[in-house]
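Chains, contacts and geometry: an overview
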Amino acid sequence: MPKEMTCAFCGRPIEPGTGKMYVGERGEILWYCSSKCFKSAIKLKRNPRKLKWARPWILKSLA
């Protein structure tokens, strides 16, 4: 059974077979649920604490 991963940016669960895996320069492995999260984190270097849609504690309360 594959492991269920969580997004490194927004905290959402990632279903097996979806998402993006990013390996950093130091060898750390980061999983992202969508290209939106990947671009915000890697390309645009945004802080997830400053974005309303990327706060894991808000997403848990909505579900």
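Described in the following lines is the structure provided in the data block. (Residues numbered from 1 in each chain as written. Predicted model: local features only at pLDDT ≥ 70, side-chain atom pairs only at ≥ 80, totals over all residues. Heavy atoms only, no water.)

Brief notes about unusual backbone geometry
- Of note in this structure, K45 is not a glycine but carries a positive phi near 55°.
- Tracing the chain through its elements places K45 in the loop between α1 (35-43) and α2 (56-62). (Helix = DSSP H or I, 4+ residues; strand = E, 2+ residues; numbered from the N terminus.)

A short note on the nonpolar core
- In terms of nonpolar packing, the biggest core is built from ten residues, these being C7, F9, C10, I14, Y32, C37, F38, A41, L51 and A54.
- A total of three residues in this core trace back to one element, the largest contributor, which is α1.
- Residue contacts for C37: discarding those within four places in its chain leaves C7, F9, C10, Y32 and W53. (Core = buried A, V, L, I, M, F, W, Y, C linked by side-chain atoms within 4.5 Å. Buried < 20%, exposed > 50% of the residue type's maximum accessible area, 1.4 Å probe, protein only. Contact = heavy atoms within 4.5 Å.)

So, the packing of aromatic side chains
- By the definition in use, this model includes three aromatic pairs.
- Ring geometry for F9 against W53: centres 5.7 Å apart, planes inclined by 45°, an arrangement best described as tilted. Residue F9 is located in the loop between β1 (5-6) and β2 (13-14), and its partner W53 is located in the loop between α1 and α2; the two are separated by 44 residues in the primary sequence.
- Note on F9: relative accessible area 6%, which makes it buried.
- Feature note: the residues Y22, Y32 and F38 constitute an aromatic cluster, connected by ring pairs.
- Sitting over the ring of W53, K36 keeps its end group 4.2 Å from the ring centre. (Phe/Tyr/Trp six-rings, centres within 6.5 Å; stacked < 30°, edge-to-face > 60°. Lys NZ or Arg CZ within 6 Å of the ring centre and 35° of its normal.)

Structural notes on a nonpolar patch on the surface
- Taken together, the side chains of M21, V23 and I29 present a nonpolar region at the surface, about 290 Å² in accessible area.
- With respect to the helices and strands, the residue V23 is situated in strand β3 (residues 20-23).
- By relative accessible area, V23 is classed as partly exposed at 45%. (Patch = residues over 30% accessible without salt bridge, like charges linked within 9 Å, V, L, I, M, F, W, Y side chains within 5 Å. Areas by Shrake-Rupley, 256 points an atom, 1.4 Å probe, with all protein chains shown as cover. Salt bridge = Lys/Arg side-chain N within 4 Å of Asp/Glu carboxyl O.)

Considerations on the environment of T6
- The topology assignment puts T6 in strand β1.
- T6 sits in the exposed class, given a relative accessible area of 52%.
- Taking the C-alpha atoms as reference, T6 lies 6.9 Å from W31; in sequence the two are 25 residues apart.
- Not counting the four nearest positions on each side in its chain, T6 is found in contact with G11, R12, P13, I14 and W31.

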